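The primary structure of each chain is shown beneath.
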Amino acid sequence: MSEVNAGAAHAGAKVGSDFDLVIVGAGFAGMYMLHRARGQGLSARVFEAGSGVGGTWYWNRYPGARCDVESMQYSYQFSEELSQEWEWSERYSPQPEILTYANHVADRFDLRSDIQFDTTVAAAHFNDDTGRWDIETGDGGQWSAQFVVMATGCLSSANMPKFEGLDSFRGDTYHTGHWPHEDVDFTGKRVGVIGTGSSAIQSIPIMAEQATQLTVFQRTPNYMVPAHNAPMDQAYAAEVKSDYGALRERARVRPGGIDIEIDLAPALEASDQERRQRYEEKWAYGGFGFMGAYGDLMLNEEANDTAAEFVRGKIRDVVDDPAVADLLSPHNTFGCKRLCVDSNYWQTYNRDNVSLVDVSEKPIERITSAGLSVDGQEFEFDAIVFATGFDAMTGTLLRIDIQGIGGQKLADKWAEGPKTYLGLSIAGFPNMFTVTGPGSPSVLTNMLPSIEQHVDWISDCLDYMRRNGHARITSESQAEEDWVEHVRDTAGLSLRSECSSWYVGANIPGKPRVFMPYMGGYPAYLEKCAEVVENGYQGFALS
Ligand code: FAD
Ligand code: NAP
């Protein structure tokens, strides 16, 4: 491992600086990676495209944005002091509060001095001669590092569909994933919203309260469960804080890394009345716990349909106009696309100023100067909101020109879908790690513990290398192939891999259709990562 270049290890360093470690991204992953690297005495520099920390919570400032994993769980775990001192105000905290938390962490652990903001990493090339990574930033900076950690996020490259006429629109356009920093007020405006995923369902009820007219263009309706968000129950928060470790231990043995009750009994063994009662209880509690009602909801089509029909019944109960209720009702597999956790979404369609347009059969033809057209009908707007999601999991990495040994391009290696070992490492790309990369449970879990687990694994690996005099680590091709096959086989066992979701890249034209996250569950994954280490970094070549 190279000597610490102390002179260069501050944010004022410029072209030509060498670091032990370059970290790309200053979201929760990059921030914690920096903290761990410093603790190990490594010189590290974080490059962040945005002007501040927080990643997802820096960019996604749309009205209504909040976490849908409960805040007491959607928090860092690495510092007991931090866990004890921080107070969340709501069951599911809003984006401004999560961003404040990220900033608090940056200040508390004095992270900013090693983060270079407003700097995009454009290229990372492994240099066969030096055995180091040559890194180029968008401002022309050239950097060198022994190790690179891609903490670039799974949902960090906005998907803007290539609608014809996009530039001709005279009004304002917004993407939920790139929301302006200043307040956006839709009062007195006619607003069109494209998309009905999590970002749309959070923002639509709030935008509807402001806009004169809000028109939602829906391609696929989504399943939702209610959030029942509320001010933080102080007794609950105190109870959790009295033994945070216990909550986290319970979460570690759950498939999604979230402490929710899961009953493994099959849905079809219960009577209609028992099932109804169970679903009602889960519904009344709110959140992802609904998925834990029965053990076979994602394994058995018939079982799944009992949950799907229950949710469709809820839509019919809530939405006044039966035709609109029908249009809002999904008929694909329940939980196949990412489940949304909502607050008053369906109720919003009872408002006189909200309408729903089905674009499933007849897509949006084009954006016009005044709005957009569907099936020959013109819709006029003052603003269009694109809630059209992300090029998930691989998009951000592939926007960087990454080249491994012998100049192999990551884009070529992943032409038919991502290949990684454990979602942590890519064969042929030595000393580069990905945090919650494709092939790890990542987006199927509570992301904060998953991020910390990856960062801890990487940090421990770097420490092991230093102690054993290793300069280079790379995953072996065979280990990677075996893991990719295992990821694929595991995906095939669940109903989740069957629909056109962003999990399989279906939202991006031309993207290879591969189920990207690892479906084997968080506990099995933790076990595998630990086993690899116990067996002397099995599947990795160290030199
Ligand atoms: P990010 O937060 O995405 O940060 C990556 C950073 O890397 C970004 O700041 C980006 O600017 C930077 N970057 C990328 N490429 C480059 C480059 N080339 N050069 C320089 N910088 C670069 N997960 C949950 O578990 N629970 C939730 O409730 C939840 N809610 C979410 C709500 C929204 C609206 C979204 C979009 C996602 C949500 N997620 C949730 C997932 C969320 O992304 C993760 O929880 C987590 O915040 C990811 O942190 P990260 O650091 O890995 O990535
Ligand atoms: P998304 O789930 O991918 O939803 C995008 C929406 O846009 C979909 O309804 C999609 O329709 C539609 N769309 C895309 N292209 C279109 C086109 N050309 N014409 C018409 N409609 C089009 O994206 P997201 O809502 O931003 O959420 C992404 C992920 O981020 C979530 O699944 C979740 O993991 C995370 N997130 C979490 C929260 C939270 O509650 N904490 C909030 C926001 C996001 P199709 O379904 O037909 O493709």
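Everything numeric in this text was worked out from a predicted model, so none of it was measured. (Residues numbered from 1 in each chain as written. Chains lettered and ligands numbered in written order. Predicted model: local features only at pLDDT ≥ 70, side-chain atom pairs only at ≥ 80, totals over all residues. Heavy atoms only, no water.)

**Details of unusual backbone geometry**
Negative phi values dominate among residues other than glycine, just as trans dominates among peptide bonds.
Turning to step 1, where the next piece is worked out: Phi is positive for Asp-110, close to 50 degrees, though the residue is something other than glycine.
Turning to step 2, where the next piece is worked out: Along the polypeptide, Asp-110 turns up in the loop between α4 (95-108) and β3 (115-116).
Turning to step 3, where the next piece is worked out: Take Asp-110: its relative accessible area is 51%, and that puts it in the exposed class.
Turning to step 4, where the next piece is worked out: Of note, Leu-422 is a non-glycine position whose phi angle comes to about 65 degrees, a positive value.
Turning to step 5, where the next piece is worked out: Given the relative accessible area of 0%, Leu-422 is considered buried. (Helix = DSSP H or I, 4+ residues; strand = E, 2+ residues; numbered from the N terminus. Buried < 20%, exposed > 50% of the residue type's maximum accessible area, 1.4 Å probe, protein only.)

**Some points on helix α14 (residues 477-492)**
Turning to step 1, where the next piece is worked out: Compared with an ideal rise of 1.5 Å per residue, which puts 16 residues at 22 Å, α14 spans 23 Å between its outermost C-alpha atoms and is within 8% of the ideal.
Turning to step 2, where the next piece is worked out: The complete set of buried residues in α14 reads Ala-479, Glu-480, Trp-483, Val-484, Val-487, Thr-490 and Ala-491. Buried residues of α14 fall within an arc of 135 degrees about the axis and therefore sit on the same side. The exposed residues of α14 that point more than 90 degrees off its buried face are Gln-478, Arg-488 and Gly-492.
Turning to step 3, where the next piece is worked out: Against α12 (410-413), β19 (473-475) and α15 (522-534) lie the buried residues of α14. (Expected span 1.5 Å × (residues − 1). Arc of directions from axis to C-beta. Contact = heavy atoms within 4.5 Å.)

**Quick look at the site of ligand 1**
Turning to step 1, where the next piece is worked out: As a matter of local geometry, ligand 1 sits amid 34 residues, with Glu-48, Thr-56, Asp-68, Tyr-74 and Met-447 nearest to it.
Turning to step 2, where the next piece is worked out: Within the side chain of Glu-48, an N or O atom sits 2.7 Å from an oxygen atom of ligand 1.
Turning to step 3, where the next piece is worked out: One nitrogen or oxygen atom from the main chain of Met-447 is found 2.8 Å from an oxygen atom belonging to ligand 1.
Turning to step 4, where the next piece is worked out: For ligand 1, the accessible surface in isolation is 980 Å², of which the surrounding protein chains cover 94%. (Near = heavy atom within 4 Å. Polar contact = N/O pair within 3.5 Å; in protein donor to acceptor, adjacent residues only side chain to side chain. Areas by Shrake-Rupley, 256 points an atom, 1.4 Å probe, with all protein chains shown as cover.)

**Some thoughts on the nonpolar core**
Turning to step 1, where the next piece is worked out: Membership of the largest hydrophobic core comes to 119 residues, with the highest contact counts inside it found for Phe-28, Phe-186, Leu-214 and Trp-457.
Turning to step 2, where the next piece is worked out: The contacts of Leu-214, once residues within four sequence positions are left out, are Val-191, Val-193, Ile-204, Met-207, Ala-208, Asn-353, Val-354 and Ser-355.
Turning to step 3, where the next piece is worked out: Listed in part, the 21 residues of the second largest apolar core include Trp-143, Ile-400, Trp-414 and Phe-429. (Core = buried A, V, L, I, M, F, W, Y, C linked by side-chain atoms within 4.5 Å.)

**Some thoughts on the environment of Leu-526**
Turning to step 1, where the next piece is worked out: Topologically, Leu-526 is positioned in helix α15.
Turning to step 2, where the next piece is worked out: Leu-526 gets classed as buried once you look at its relative accessible area, which sits at 12%.

**Quick look at the domain arrangement of the chain**
Turning to step 1, where the next piece is worked out: Considered domain by domain, the chain is made up of domain 1 (3-157 + 392-538) and domain 2 (158-223 + 335-389).
Turning to step 2, where the next piece is worked out: Here domain 1 and domain 2 have C-alpha centroids that lie 31 Å from each other.
Turning to step 3, where the next piece is worked out: In this assembly, 23 residues from domain 1 lie in contact with 21 residues from domain 2.
Turning to step 4, where the next piece is worked out: Taken together, the two surfaces of domain 1 and domain 2 that pack against each other cover about 1,900 Å², and 52% of this comes from carbon and sulfur.
Turning to step 5, where the next piece is worked out: The largest contributions to the domain 1 side of the interface with domain 2 come from Tyr-62, Pro-63 and Asp-68, which together make up 32% of the buried area.
Turning to step 6, where the next piece is worked out: For the interface between domain 1 and domain 2, the tally reads one salt bridge.
Turning to step 7, where the next piece is worked out: Note that Asp-68 is salt-bridged to Arg-338, the shortest N-O span being 2.7 Å.
Turning to step 8, where the next piece is worked out: Along the contact surface separating domain 1 from domain 2 lie nine residue pairs in polar contact (both at pLDDT 80 or more).
Turning to step 9, where the next piece is worked out: Split into classes, the residues belonging to the side of domain 1 that touches domain 2 amount to 10 nonpolar, seven polar and six charged. (Domains from an automatic or database assignment. Buried area = accessible area lost by both parts, 1.4 Å probe. Salt bridge = Lys/Arg side-chain N within 4 Å of Asp/Glu carboxyl O. Nonpolar A, V, L, I, M, F, W, Y, C, P; charged D, E, K, R; others polar.)

**Observations regarding the sheet that holds strand β7 (residues 172-175)**
Turning to step 1, where the next piece is worked out: Spatially, the five strands line up as an open sheet ordered β7-β16-β8-β9-β12, and their pairing is parallel. Two strands lie at the open edges of the sheet, namely β7 and β12 (354-358), each paired on one side alone. The average angle at which neighbouring strand axes cross in this sheet is 20 degrees, direction not considered.
Turning to step 2, where the next piece is worked out: By the bridge criterion, five bridges tie strand β9 (residues 213-218) to β12 in an arrangement that is parallel. Residue Val-216 lies in a different strand from β12, and its bridge partner there is Leu-356. (Pairing = 2+ DSSP bridges. Axes fitted to C-alpha atoms, helices over the stretch in contact; angles between N-to-C directions.)

**Topic: the pairing of strand β13 (residues 364-367)**
Along any regular strand the residues' side chains alternate between the sheet's two faces.
Turning to step 1, where the next piece is worked out: Here β13 pairs with strand β14 (residues 371-374) via three bridges, running antiparallel. Each bridged residue has a counterpart across the sheet, and for Ile-364 the counterpart in β14 is Val-374.
Turning to step 2, where the next piece is worked out: Remark: three residues form the turn of the hairpin made by β13 and β14, two consecutive strands paired antiparallel.

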